[in-house]
Amino acid sequence: MAGARGAAAAAASAGSSTSSGTPPPQEPGLGELLEEFSRTQYRAKDCSGTAGSRVERIEKRCLELFGRDYCYSVIQNVNGDICGHYPQHIVFLEYESSDKEKDTFQSTVQVSKLQDLVNRSKMARCRGRFVCPVILFKGKHICRSATLAGWGELYGRTGYNYIFSGGADDAWADAEDITEEDCALRSDTHLFDKVRGYDIKLLRYLSVKYICDLMVENKKVKFGMNVTSSEKVDKAQRYADFTLLSIPYPGCEFFKEYKDRDYMAEGLIFNWKQDYVDAPLSIPEFLTCSLNIDWSQYQSWDLVQQTQNYLKLLLSIINSDDDSGLLVHCISGWDRTPLFISLLRLSLWADGLIHTSLKPAEVLYLTVAYDWFLFGHMLVDRLSKGEEIFFFCFNFLKHIISEEFSSLKTQRRKSLPARDSGFTLEDICMLRRKDRGSTTSLGSDFSLVMESSPGAAGSFTYEAIELVPAGAHTQAAWRKSHSSSPQSVLWNRPQPSEDRLPSHQGLIEAKSSSSSSSNHSDNFFRIGSSPLEVPKTRLAALSERETRLQEVRSAFLAAYSSTVGLRAVAPSPSGAIGGLLEQFVRGVGLRGTSSSTL
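Now for a description of the structure that goes with this document.

Cut-offs used in this document
Residues numbered from 1 in each chain as written. Predicted model: local features only at pLDDT ≥ 70, side-chain atom pairs only at ≥ 80, totals over all residues. Heavy atoms only, no water. Phe/Tyr/Trp six-rings, centres within 6.5 Å; stacked < 30°, edge-to-face > 60°. Helix = DSSP H or I, 4+ residues; strand = E, 2+ residues; numbered from the N terminus. Buried < 20%, exposed > 50% of the residue type's maximum accessible area, 1.4 Å probe, protein only. Lys NZ or Arg CZ within 6 Å of the ring centre and 35° of its normal. Contact = heavy atoms within 4.5 Å. Expected span 1.5 Å × (residues − 1). Salt bridge = Lys/Arg side-chain N within 4 Å of Asp/Glu carboxyl O. Pairing = 2+ DSSP bridges.

1. Side note on the packing of aromatic side chains
All told, the structure shown has 32 aromatic pairs when counted by the stated rule. Summarising the aromatic geometry, the rings of Tyr-249 and Tyr-310 are spaced 6.0 Å apart at their centres and angled 50° between planes, so their arrangement reads as tilted. In this pair, Tyr-249 sits in the loop between strand E8 (243-246) and helix H9 (255-260) while Tyr-310 sits in helix H10 (residues 303-318), placing the two residues 61 residues apart along the sequence. A relative accessible area of 0% means that Tyr-310 is categorised as buried. Ring plane angle 80° and centroid distance 5.0 Å describe the contact between Tyr-249 and Phe-340, whose orientation is recorded as edge-to-face. Here the residue Tyr-249 occupies a position in the loop between E8 and H9, and Phe-340 occupies one in helix H11 (residues 336-350), the gap between them amounting to 91 residues. With respect to burial, Tyr-249 and Phe-340 carry one shared label: buried. One Lys or Arg, Arg-548, reaches over the ring of Trp-349 and ends 4.1 Å from the middle of that ring.

Okay, structure coming up:
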């Protein structure tokens, strides 16, 4: 009963975005989007009839939202002519539409040339999911794709395209037609040189230098045959000029365990000893030195810490001083890839660096529709199997609200003047934010409340705040109490052990003991909360980043609970998640109390 009362009370008075029982404001059409998303997988060639009109509205809304802040061109993919699981209207962002940004960054890409390279390179990647730019940040393209196609798919598609295109393949427009006999007579190397050569040309045309591979395998194997490959194991080392990062991340199957643990990512660790896992973590040292993360411990990280650290890595790459773009991919590019693309988009938006005119509900609609739905995420299949990586993405926002994930912090740090004096309180604060992700962290006996941005005191939980005077005494005490660690000083507030109420009291969103860098993620008072409960804000002031991400998460939870969530989980008389969902929905006014069935 305590859990039920807590869920209902927190839902009824949730956050700044909900008051007097009113649910968080939703983007017009968000409910329709989630309904369509949970009903069928998007396929560009199936966009006809009633379903086609819904998809057309979704795509039109995405174009409108992109157009608020960017000048863009469209790569036409009508009926899935280029890729069956990409949008019919693929957006290519050229530059920000503000006068200031227009003078700073201008597109050097000709769309006609880009479309030509896309047509030629699409066979190089699994399922034809070519390298596609989806985010524009400081003139850099952040791209997504599938991994490289293996010889089986490559030969199969070559023959298929030849047969069903009347003997010609648009991927070879400027070369001799390649027939099935050609494939049989020529070596693998020749075909791979040609196909992957076009892929490399596309990457270079988009100024992509960094390629982040999320696969836990070097090659995907099914029925004893390699069905995909990857840049990191290309025998001819065609991708040697790129900076390759192997950052293995669990596939969507692992997220069934996330759901089975009542949506608790804290303490959930992937089994790296499975036979098919053969891709080690490999990151060039020059990309890791500034992050202060012990990467050798990656196999001991839980899902929260692993996602946080990988996101920090991606953010550090795109915030670097060079003008190079970034490619993120997994195997098919529709589960893990949209997870990190969506987190990148929302993190940069929360800092006011991209999509600057979009409100929380609008950027939520955009990333759900474009990054997930229109790029082919199979939500229907994933829900039927309990592999809820889509829900994890937006629920995870609570773990990246702190300033350590802020790209503004990186820019501020670059602009700080050099100083020769000893440690100041600001230095200590900077150390605390910088070092809060290491697995070798030392627990401090006190917490600091000063941050470099206004209102940042709200990024600490209410019960953790202790005021520390800023003076020589503080610095002396700090040096004295930490003199035993000559190599580094790592700051963390003590973390309580993971608490769980009995099942009849509901669910507790436990604090992460293994994810020291998520200290600021525990931002809401919780009394027997459900994973779909709209968070109740704390009394302390919130930073702008925290407020924006909290509003996005709240809007998502409200919309998800009224559409996908309530149908995905059956009601439970024991007061588990199904029962709490119904209590939440009634508490925020999404359903009347007369409803008797889900």
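Still to come is the rest of the account.
2. Points about the environment of Glu-59
Its location among the elements puts Glu-59 in helix H3 (residues 49-67). Among the residues examined, Glu-59 registers a relative accessible area of 4% and is labelled buried. Counting along the chain gives 310 residues from Glu-59 to Ala-369, while the straight-line C-alpha distance between them is 7.9 Å. When neighbours within four sequence positions are excluded, Glu-59 is seen to be in contact with Tyr-42, Pro-87, Gln-88, His-89 and Leu-374.

3. What about helix H12 (residues 360-373)?
The end-to-end C-alpha separation of H12 is 18 Å, in line with the 20 Å expected for 14 residues at 1.5 Å each. Burial runs high along H12: 14 of the 14 residues are buried.

4. Side note on the pattern of salt bridges
This structure, assessed with the given rule, holds 24 salt bridges. We note a salt bridge from Arg-382 to Asp-381, for which the minimum N-O separation is 2.6 Å. Assessed through its relative accessible area of 7%, Arg-382 is described here as buried. Asp-381 sits in the partly exposed class, given a relative accessible area of 26%. Residues participating in the shared-partner salt-bridge network are Arg-61, Glu-64, Arg-68 and Glu-362.

5. Re the pairing of strand E3 (residues 132-137)
Buried residues dominate E3, accounting for 6 of its 6 residues. Two successive antiparallel strands, E3 and strand E4 (residues 140-145), enclose a turn made up of 2 residues, where Lys-138 displays a positive phi of approximately 55°.

6. Observations concerning the environment of Phe-396
With respect to the helices, strands and loops of the structure, Phe-396 is situated in the loop between helix H14 (389-395) and helix H15 (407-415). Accessibility expressed as a relative area gives 1% for Phe-396, which makes it buried. Separated by 89 residues in sequence, Phe-396 and Thr-307 place their C-alpha atoms 8.9 Å apart.

Remember that the coordinates give geometry; whether it matters functionally is a separate question.
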